[in-house]
Structure formats: C-alpha cells, structure tokens
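Here is how the chains run, residue by residue.
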Amino acid sequence: MTRRRIWWEVAIVLGLSLGASAVYAIVALIADLSSGKSLADQSAALNTSQSATPWLDVTYQLLGVFFDLFPVALAIYLLWMPGRSAFEAIGLTWRRPGRDLGTGLLLAAAIGIPGLAFYALGRLAGITVSVQASPLDPHWWTIPLLVLSAVRAALQEEIIVVGYLFARLRELEWGKWATIIASAVLRGSYHLYQGVGPFFGNAVMGVVFGWVYSRWGRTAPLVVAHAVLDIVSFVGYPVAVAAFPAIFR
C-alpha cells in the first residue's frame, strides 16, 4: 500500500471515529473558554438519557453502543492480512487471560489513582469542567448499560488509537516515540471537552499505554485497564459526588 493510500485510510478511519470526536472536543473547549465563565463553573455530562420514556432510552443507548463499534470493526477489517488475523496482529486474543487481566488491573491502578488526583487538582485550579459521569436515571438496566458503555469506549480507543494507528504509522516508518506521542496527543485531544486538565491527564495515559503496547504488542491488557477505569468512573460517580461534592458535583 502506498504512503498516500495509508494516509487517506487513516484520515477516513479517524474521521469516522475519534478524530471527529477530537474536532468536536476542540470546538467545545473554545465555546467554553469564550462563554465568559470559568471552566470550573461549567460541566460536561457522559451517558446522558436519550428519552424520558425508559424503553426508548435503553433502546437508543444500546443502538448508540452498537453503531459506535462499527469504526472499530472497520479498523480490524483493514488490518486483516492473509494468514494472520487482525486480532493476532494487535494482540487482542485471550490466549493468556490471567496475565492480560493481571496486567490490565495493574495498569488501571497505576493510571486511575493519579488520574483521580489530577482531576481533583484540575477542578481546584479551574482548568477542568465538572464531569458528570453517569447522569442516567436509575433503572434495573442502568449499571449493565454503564458497564457496556465502558467496554465500548475501551474497544474504541485501544483498538483504533493504539492497535490500528500504531500499525499504520509503523508502515509509514514513524519511530517508536513519534508514534507514541502522536497517539497520546490524539487521546488527549478528544477529551478537551472536559477542559485543559483532562487533555494532559489522558495524554500521559496515552504515553503509558503506548509504551506498554510497543513493548508487548498486546491491546488486550489495555482494553481491560481502560474498561475497569471507566466502569469505576461511571458506576462510582454517585458515590464520589456524595463523598466530595465540592470536587465532583
């Protein structure tokens, strides 16, 4: 595949997925900064209800998760090669589940604890908006849906921003650290709607995840770590609000 074709392919994949999210996030940050209010006085909501009618709400939520995974499927399809599946190529297999789960949990702890502190400092410094992680109305399906949303985000980011992007930048003969930094900046950019602080926090996460992937060539532990981080954030959000209202409300 020629270099021009690779660049066009990368642009299309990102334009259908997290590259588009990055553009919207940048515009959202500009809007927040020009609103006349400080970032500390603004908020961003995740996993919002889509309808006041419960069965419509859960239907829209499930459809959103389902269609959000199509760019992930496209990235995997484009990486598929004769004689070797894309899952093998990016290390998204469960041949060693114990090791991947263990590594993923360690990564989640290493990223999650400093990340929580970084978010709190960002709120106190006024460079991070209040992120409402789970404003869904309480139903029997709320927690399963939040878990599903967390898994969706983990698959989107780790397969596209790490597995797919690393493979294509390698074909373009980018160096190891140039690839890691580019992936990390992209990861941070689509979190800019949360403020300046989350950009740097997620970029650091991207550097760590990129280094781990470049060392072991496996996205499986990254998916585990990301899913765990988001599940804790989404499901634990009401607890955090009750315990630290000044920071999380």
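Residues numbered from 1 in each chain as written. Predicted model: local features only at pLDDT ≥ 70, side-chain atom pairs only at ≥ 80, totals over all residues. Heavy atoms only, no water.

Undergrad: What should I look at first to understand unusual backbone geometry in this one?
TA: Where the residue is not glycine, phi is negative for most of them; where a peptide bond is considered, it is trans in most cases. Positioned with a positive phi, asparagine 47 is a non-glycine residue whose angle comes to about 55°. Relative to the helices and strands, asparagine 47 is located in the loop between strand E1 (43-45) and helix H3 (54-68). Despite not being glycine, glutamate 173 has its phi angle at roughly 65°, a positive value. Locating glutamate 173 in the fold gives a position in the loop between helix H7 (142-171) and helix H8 (176-189). (Helix = DSSP H or I, 4+ residues; strand = E, 2+ residues; numbered from the N terminus.)

Undergrad: It is not clear to me how the packing of aromatic side chains should be interpreted in this structure. Could you clarify?
TA: Centre distance and the angle of the planes are the two values used to describe a pair of aromatic rings. Considering all chains together, one arrives at eight aromatic pairs under this definition. Geometrically, the ring pair formed by tryptophan 80 and phenylalanine 87 is edge-to-face, given 5.7 Å between the ring centres and 90° between the ring planes. Ring centres of phenylalanine 166 and tyrosine 213 lie 5.4 Å apart, and the angle between their planes is 90°; on these two criteria the pair is classed as edge-to-face. Placement of the pair is phenylalanine 166 in helix H7 and tyrosine 213 in helix H9 (residues 196-216), with a sequence separation of 47 residues. The same class applies to phenylalanine 166 and to tyrosine 213, which are both buried. Grouping aromatic residues by their ring pairs yields a cluster made of Phe66, Phe67 and Phe70. Its guanidinium or amino end placed over the ring of tryptophan 216, arginine 215 lies 5.5 Å from that ring's centre, counting from NZ or CZ. (Phe/Tyr/Trp six-rings, centres within 6.5 Å; stacked < 30°, edge-to-face > 60°. Buried < 20%, exposed > 50% of the residue type's maximum accessible area, 1.4 Å probe, protein only. Lys NZ or Arg CZ within 6 Å of the ring centre and 35° of its normal.)

In short, the description is geometric, and any link to function would need to be established separately.
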